[in-house]
Amino acid sequence: MHYTDAIRQQTRRLREHSPAQRRLRAADLRSPLHIFAAVIVSLSLLPLGYLFLRATQAGTDSIAFLLSGRMLGVLANSLKLAAAVALSATVLGLLVAWLTTRTDIPLRRLWLVSGPLPLAIPSFIGAIAYIALLGPRGVIQQALSPLGIQELPSIYGFPGVWLVITLFTYPYVLLPVRAALLRLDPAQEETARSLGHSRWSVFWRVTLPQLRPAIGTGMLFTALYTLSDFGAVALLRYNTFTRAIFQQYTSSFDRTRAAVLALVLVALALTLITLERRLASSLRNYRAGGSSTLRQPPLVRLGWWRFPALVFLAALIGLGLIAPLAVLASWAAQAIHSGANPLYSALARPAANTAVISAVTAVLVSLTGLPLALLARQQWSPLGSWLVRLAYLGNSLPGLVIALALVFFAASYLPGLYQTFPILILGYAIRFLPLSIGATQSALAQVNPCYEEAGRSLGLPGWQVNVRVTLPLVRPGILGGAALVFLNVAKELPATLLLAPTGFKTLTTQIWSAQNEAQMSQVGVPALLLIATSALALSLILARDRGSEAG
Amino acid sequence: MSRKSALILSLALLATATLPSLAQDSSEHLVVYSGRSEGLIAPLLEQFVTETGITVDVRYGSTAEMAATILEEGENSPADLFIAQDAGALGALAAAGRLLPLPSDILERVPAAYRSPQNLWIGLSGRARVLAYNTTLVNEATLPASILDLASEAWAGRVGWAPTNGSFQAHITALRVLLGDDATRNWLAAMQANRTVAYDNNRAVLQAVIDGEIAAGLINHYYLYPFLDVNPALPVRLYYFPEGDAGSLINVAGVGIVNTTHQPGLSQRLILYLLGRSAQQYFATATYEYPLVDGVDPDPRLTPLNLIAAPVIDLSDLADLQTTLDMLAETGVLP
């Protein structure tokens, strides 16, 4: 599974111990790969350094601000939400993974395919749809008020955000767990059964422990996602760091406080990654036999349990996929029906912009990621592995923070590039480069070194071995990484809002401004377009992953 | 490298090379930072582009966001003009020395109360702060003499406002200027204790008044008329606090030329266009604001500006937004 591998790789890189303390070689510094990597890494870290400077300008004032009761409340909110979403996404992800891989659930293929699809819906669009459904003047409220139900529990605040982000992130747990389940050696479970353990106790004592790395990865990713999510918390009015940062950024004439808050968010994200690394290193999993074990255990017969199981899956897909799509489709129908707006001419430009900027970023990021992945593979280079590890930091940083840092930095030091495409693409690249490196790395890990040795023994110089032997072998991995980057850029909101050149609109910014002006009929079509694009990219990635799993 | 990768590489380079050219590059070109929403100002600017051939790029955001952006950008700001929803943001830029003085042929088009005393910005349209009330829930005779009375027991839980809205925040800044910080803080705390209901924006406040969710709400005057266009019989009226009470602030949406502009002449042309008859007429009919130049009348349903007993205030003094934001947070009005 490249998709999950990308996620897993990124955490694995961070947790790996540096290869035995070799001394830095002078040659390291001269190699073009190292120079390239050093340039890329400093490009991505410079803005952060500037953010730090900007925040410290406030001096003790900023510390007083941070320690105010209000900000401590924001901190508590962020942590509470991240933990809650990680937990609920894990429960949902585990259940769906187990039901679709290990049981005789009816319509298995349908659930297999639709299970990860909520991932194609950006959480801020999900939030817009849920406000329309469950909000104070929403569809459900209007349907219920004739029955005497005056007020639904409010969608705004913690419960609403929790529900919405969970619904659109549980696939981050589902995918790695499902992959891990498929790779498990059934012999261990069978042995435990033969020793008299009940099915339940086998699950708890044998299966679950082996799934822990996958679960840990998925949990980390959902928690990070929640910390950095901006659109859903803003729309559903839950005061987390991203919302507080954006509020400071947009409603105050002075942005020092936004910078201070952003630094705290960076610290939170880094703590999370470190925590996960500590946990994970104590949870190495072992199994007997080689990776060629593809034998699957017999399916569990659900019996009467299949009814609640079906209801659960149908409800999940209904809530995570059908309901939001139905809301968007009704708005789209409204817009097309009314015909009042020049719908197509208004949308052609943003749609083209999204496609072009995502494609260009995907290509550039893949080209940048490849040398870094090759560098990470060179075991002899501690400097190289450090550089790559630093490059991985980007993906743990919220898009809003990266954008903020770049705005500050470019406005002061790069006026020529400020509000231009290179800065926007740099912002995307800092955030999504790790996805590309990860995908390429996991493809590289599968390359049998004997091909490359054969190349060398036939007299090819090192770089030619890379280009003529290794590259063709890892091409699927690189393309998978590129598709991932494309998908994520197309969905990205906060960095796009802050960094896009003046007048440059994408589907996400178009949807955002339409909803800000409460023109819901203009949300439908661009949102559906965006989701269709995402779903396409996602299904390409997943289909290839399934292919590589079988082969 | 395979031929295919070479092709992809060259395509990528080509794409990066052509991307910047998507942005227009012309000597007759203006960059506008707009705190007014796109739906509202874009048609006017498009009209300007068609009539003059000058191209205009607009960056949209909240008024405070755009002001902060210009301050942050310093000498590197690409902005030529700043269009703001309220005078406070213009005052802040003026105080920071970021606006260029305007020539008298522009200034004299608008009454002195609606432009900068230092000639650094000018109002484009007027907007009155009002109390919208539901006539089935509020007896006209019981309407309060002052905005301060809304903190009284009689109005507990019956009033709505929009604390995150820029116009609301500017109004609170005006209260601070007119009544002092302590009185304003006390009033905010009393309103909060009086269970005043917070909404996302003016429109939501008004909708709640129409629905009878609340009896009255503090909004800008012009939000009512689109609702009346759909249903003239709505049980909602606007109330102007009498006798120069701080509640009846008249603020303006306005414009200033950023001091780093390379196009002062073109910028002035755009301002003149926005003060021209057709643009002012547009503000009157499309947004129901008060036109500020002579000879253009507001919508006949509006209370004429000269009949509103607004408090006397220098709108440039509304520049200190940060203290207002802190006060709103301190009193729990803002989350």
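Just so you know, these numbers come straight off a predicted model, no measurement behind them.

(A) Focus on the overall build of chain A. Along the backbone of chain A there are 25 helices and zero strands. When burial is assessed residue by residue, chain A has 56% of its 551 residues classed as buried.

(B) Representation of the overall build of chain B. Tallying secondary structure elements over chain B gives twelve helices and eleven strands in all. In terms of overall size, chain B behaves like a compact globule, its C-alpha atoms giving a radius of gyration of 22 Å where 335 residues would be expected to give roughly 20 Å. Counting only C-alpha atoms, chain B reaches 80 × 55 × 40 Å along its principal axes. For chain B, the residues scored as buried account for 56% of the 335 residues in total. Long-range pairs, those at least 24 residues apart, make up 76% of the contacts in chain B between residues at least 6 apart in sequence. When the accessible area of chain B is evaluated, it comes to approximately 13,200 Å², of which 54% is carbon and sulfur surface.

(C) Spotlight on the packing of aromatic side chains. Residues and elements named next belong to chain A. Applying the stated criterion across every chain, the model contains 22 aromatic pairs over all chains. With 6.4 Å between their ring centres and 75 degrees between their planes, phenylalanine 203 and tryptophan 204 make a pair best called edge-to-face. Classification of tryptophan 204 by relative accessible area gives partly exposed; the value is 47%. Ring plane angle 40 degrees and centroid distance 5.6 Å describe the contact between tryptophan 304 and phenylalanine 307, whose orientation is recorded as tilted. The exposure class of tryptophan 304 is exposed, given its relative accessible area of 72%. Accessibility expressed as a relative area gives 40% for phenylalanine 307, which makes it partly exposed. Each member of the aromatic cluster is reached from another via a ring pair, and the members are Phe124, Phe230, Phe246 and Trp512. Cation over ring: lysine 80 sits above phenylalanine 158, and NZ or CZ is 4.5 Å from the ring centre. Of note, arginine 237 hangs over the ring of tyrosine 156, and the distance from its end group to the ring centre comes to 3.7 Å.

(D) How the structure looks around the confidence of the model for chain A. All names here are of chain A. In the predicted model, chain A carries a mean pLDDT of 80, and 87% of its residues have values of at least 70. The spread of mean pLDDT over the elements of chain A runs between helix H1 (residues 2-15), the lowest at 51, and helix H9 (residues 158-169), the highest at 93. Residue range residues 14-24 is modelled with pLDDT below 50. Its contacts to residues more than four positions away, or to other chains, number 18 contacts.

(E) The arrangement of the interface of chain B and chain A in detail. With 44 residues of chain B at the interface, the matching set in chain A holds 41 residues. The junction of chain B with chain A conceals about 3,600 Å² of combined surface from both sides, 53% of it contributed by carbon and sulfur atoms. One can count one salt bridge joining chain B with chain A. Residues aspartate 326 of chain B and arginine 257 of chain A are paired through a salt bridge, measuring 3.0 Å at the closest nitrogen-oxygen approach. For the interface between chain B and chain A, the tally reads eight residue pairs in polar contact (both at pLDDT 80 or more). Among the elements of the structure, helix H1 (3-22), helix H2 (38-52), strand S2 (55-60), helix H3 (63-73), helix H4 (87-95), helix H8 (202-211) and helix H12 (321-330) of chain B are those that each provide at least two residues to the side of chain B that touches chain A. Ranked by residues supplied to the side of chain B that touches chain A, first place goes to H1 of chain B with nine residues.

(F) Representation of the environment of proline 501 of chain A within the structure. Structurally, proline 501 of chain A is set in the loop between helix H23 (494-499) and helix H24 (507-516). A sequence separation of 386 residues divides proline 501 of chain A from glycine 115 of chain A, and the C-alpha atoms of the two residues are 37 Å apart. Among residues more than four places away in sequence, those in contact with proline 501 of chain A are Gln419, Thr420, Phe421 and Leu424 of chain A together with Arg59 of chain B.

(G) Seen up close, unusual backbone geometry. Residues and elements named next belong to chain A. One non-glycine residue, arginine 237, lies in positive phi territory at about 55 degrees. For arginine 237, the location among the structural elements is in the loop between helix H13 (231-235) and helix H14 (241-251). A residue is classified by how much of its surface remains accessible, and arginine 237, at 28% relative accessible area, is partly exposed. Although it is not a glycine, glutamine 419 adopts a positive phi angle of roughly 55 degrees. Along the chain, glutamine 419 falls in the loop between helix H19 (399-413) and helix H20 (421-445). For glutamine 419, a relative accessible area of 11% gives the class buried.

(H) How the structure looks around the pattern of salt bridges. Residue and element names in this part refer to chain B. Here the structure, examined in full by the defined rule, presents nine salt bridges over all chains. Among the ionic pairs, aspartate 181 bridges to arginine 176, the shortest N-O distance being 2.8 Å. Overall, the relative accessible area of 30% leaves aspartate 181 in the partly exposed class. The buried category is assigned to arginine 176, whose relative accessible area is 9%.

(I) The confidence of the model for chain B, seen in detail. Residues and elements named next belong to chain B. Counting all residues, the mean pLDDT for chain B is 83, and 92% of those residues have values of 70 or more. The least confident element of chain B is H1, whose mean pLDDT is 51; the most confident is strand S3 (residues 81-84), at 93. Below pLDDT 50 for its whole length, residues 17-26 participates in ten contacts with residues either more than four positions away or in separate chains. As a predicted assembly, this complex carries a pTM of 0.80 together with an ipTM value of 0.72.

About the criteria used
Residues numbered from 1 in each chain as written. Chains lettered and ligands numbered in written order. Predicted model: local features only at pLDDT ≥ 70, side-chain atom pairs only at ≥ 80, totals over all residues. Heavy atoms only, no water. Helix = DSSP H or I, 4+ residues; strand = E, 2+ residues; numbered from the N terminus. Buried < 20%, exposed > 50% of the residue type's maximum accessible area, 1.4 Å probe, protein only. Rg over C-alpha atoms; globule rule 2.2 N^0.38 Å. Contact = heavy atoms within 4.5 Å. Areas by Shrake-Rupley, 256 points an atom, 1.4 Å probe, with all protein chains shown as cover. Phe/Tyr/Trp six-rings, centres within 6.5 Å; stacked < 30°, edge-to-face > 60°. Lys NZ or Arg CZ within 6 Å of the ring centre and 35° of its normal. pLDDT = per-residue confidence, 0-100. Buried area = accessible area lost by both parts, 1.4 Å probe. Salt bridge = Lys/Arg side-chain N within 4 Å of Asp/Glu carboxyl O. Polar contact = N/O pair within 3.5 Å; in protein donor to acceptor, adjacent residues only side chain to side chain.

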